[in-house]
Amino acid sequence: MCQVEEEYHGPLLREELPRQCVKCKEASAAVVIRAGDAYCRGCFKEYFIHKFRAMLGKNRLIFPGEKVLLAVSGGPSSCSMLSQVQEGLSQNAHKKLRFLPGIVYIDEGGAVGQSVEHRQRTVEELRAVFRATGFPFLMVPLEQVLDLPSSVVLSAPGAPEQEAGAYKAAVDHFLLSDGSSGVTAGQQQETPPPEVQEAHTHSLQRLLGSARTLTAREELLNILRQHLLVHTARSAGYSKVMLGDSCTRLAVKLLSSISLGRGAQLAHDTGFSDSRYGDTILVRPMRDYSAKEIAYYNRMFSVPSVFTAGLDTKTADKSSIQHLTESFVIKLQANFPSTVSTIYRTSEKLQSCKGSASAGRDRCLLCVCALDTAAENASAFSATLISEQLSQTKSPEESRQAPEWTAPASQCCSIVRGELCGNRGRGCCSSAKASEPPPLRSLLCYSCQLTIKDMSSEEVLPQYILSEAETRLRRSQLREEIRDFLLEDEADEG
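Procedures and definitions
- Residues numbered from 1 in each chain as written.
- Predicted model: local features only at pLDDT ≥ 70, side-chain atom pairs only at ≥ 80, totals over all residues.
- Heavy atoms only, no water.
- Salt bridge = Lys/Arg side-chain N within 4 Å of Asp/Glu carboxyl O.
- Helix = DSSP H or I, 4+ residues; strand = E, 2+ residues; numbered from the N terminus.
- Phe/Tyr/Trp six-rings, centres within 6.5 Å; stacked < 30°, edge-to-face > 60°.
- Buried < 20%, exposed > 50% of the residue type's maximum accessible area, 1.4 Å probe, protein only.
- Polar contact = N/O pair within 3.5 Å; in protein donor to acceptor, adjacent residues only side chain to side chain.
- Contact = heavy atoms within 4.5 Å.
- Axes fitted to C-alpha atoms, helices over the stretch in contact; angles between N-to-C directions.
- Parallel < 35°, antiparallel > 145°, perpendicular 65-115°, else oblique.
- Left-handed = near helix turned anticlockwise from the far one by under 90°.
- Nonpolar A, V, L, I, M, F, W, Y, C, P; charged D, E, K, R; others polar.

Okay, the pattern of salt bridges next. Pairs may arise between side chains of opposite charge once their charged atoms sit close together. Taken as a whole and assessed by the stated rule, the structure comprises 20 salt bridges. Arg-234 is paired through a salt bridge with Asp-279; the nearest N and O atoms lie 3.1 Å apart. Taken together, the positions of Arg-234 in helix H7 (residues 214-236) and Asp-279 in the loop between strand E8 (273-274) and strand E9 (281-283) put the pair 45 residues apart, joining distant regions of the chain. Between Arg-441 and Glu-458 there is a salt bridge, with its nearest N and O atoms 3.7 Å apart.

It is worth spelling out the packing of aromatic side chains at this point. Per the stated rule, a full pass over the model turns up 8 aromatic pairs. With a centroid separation of 5.7 Å and 55 degrees between ring planes, the pair formed by Phe-130 and Phe-137 is classed as tilted. With a relative accessible area of 0%, Phe-130 lands in the buried category. Of the residues examined, Phe-137 reaches a relative accessible area of 1% and is grouped as buried.

A few words now on the side chain of Lys-240. One can find Lys-240 in strand E7 (residues 240-242). Of note is the side chain of Lys-240, whose polar atom sits 2.5 Å from the side chain of Glu-66. For Lys-240, the residues in contact, after removing those within four places along its chain, are Leu-61, Ile-62, Glu-66, Lys-67, Val-68, Leu-69 and Ile-281.

At their nearest, the axes of helix H3 (residues 76-88) and helix H10 (residues 291-300) sit 10 Å apart, and the two run at 60 degrees to each other. With respect to H10, the element H3 is oriented oblique. Judged by the sense of rotation from one axis to the other, the crossing of H3 with H10 is left-handed. Counting all contacts with H3, which are made through Pro-76, Ser-77, Ser-80, Ser-83 and Gln-84, the residues of H10 involved are Ile-294, Tyr-297 and Asn-298. For the contact of H3 with H10, the per-class residue count stands at 3 nonpolar, 5 polar and no charged.

On to the environment of Lys-51. Among the structural elements, Lys-51 can be located in helix H2 (residues 41-59). C-alpha separation for the pair Lys-51 and Tyr-289, spaced 238 residues apart in sequence, amounts to 8.3 Å. Within polar-contact distance, the side chain of Lys-51 engages the side chain of Glu-293 at 3.3 Å.

This part is about unusual backbone geometry. Here Arg-60, not a glycine, exhibits a phi torsion of approximately 50 degrees, which is positive. Following the sequence through the fold, Arg-60 ends up in the loop between H2 and strand E3 (67-71). Note on Arg-60: relative accessible area 46%, which makes it partly exposed. Even without being a glycine, Val-368 presents a positive backbone phi close to 65 degrees. As for its position among the elements, Val-368 is in the loop between helix H12 (339-348) and helix H13 (380-391).

Right, dumping it as structure tokens:
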């Protein structure tokens, strides 16, 4: 995707490169990352490996002996991440990584309409790559998301917050116990992928096909993929999931998320760690690498990767907001090399809002982030709803031409003022506000509301989402009925 625009072959010509490496000052330069940053082959490999370990060491989020699941899609970034973990666990590593890795691949061939033979061929290519690492791996079809439990959309209680010196104490204990941080070939476990039923594939395609726009389909696919990753990690006992999002990918995601109304969720979507699920934390160790650096490294050191088609493969730039943003950033990066880094540095300053969402009840039903719809009247969200309501209001001429509808007296309290109508006290049917969202959308954040709004029907959503929505609505209705008998929580003074 980025190789065409950034001309990878041009800078590798010897006559265009400086004569010496900027680090060792001895060997001839083999690659130019940025203007003035020319490295020889050995120094570039050392620089690339150091950046990966520095990212993990700076955040100190992964403790020794912890099980970490690597989400590998077959693309250059995730395969490069797999190569770095393999390098860090090798016997020749200067400072070994101390966690226990596993690999998971989500087969999304059914979502893009690939044949069974094509999907099997891709799985076999990736299986050969995974076997060479010696790590245990899982091959999971995306159709399995239709059978997930409702608990996947709940934020489970996470581990208690560690003290300042907890990480150093864990490292010392690990070294004293002479623990082995690597996974040898004899420990490798391969879990055979479950058989994919044709009915599940049709249901998945019907679910994605219900979205009218490619923008909504891509957002829906990202949500389903993340749910399946979290469920797989929880089932296999992994507390961390490593994602292969690069700096370039996160810069595109930041701008597209703002366009899609996910401003309140940017810290979760682009940060190094994402703790929205509580017990399972998503980490992005490749977020300091640009797509250009990853492409150079993979080519120079023969890192294998497997191409897998996506929903936006061979589509026009304007086919979706995500694809248009990607095209804009990549073309701007070709003329202004600091574009991606500037956007990325902005994302580093974002922090998630510490809400009081407990047990996932006040969180979005799809993305599991804190709800951003409980805004004040003088807010951008409220102004957007008013604008949408006014745009749907009929003109006086249309109102006079339309036949006036009157509700039956048995269902409406407009005849005998003050009595309850068929709505059981939830408001008169003749004066119901048109601006109130449908029941399911009231459980979603603003961005996910837009995604569901683009769907032709909400009934095609997976059963675990519909059942959890029904549970939350019943709980909310029950709380509304007994609200007068509840004691309100008051903030402590002082």
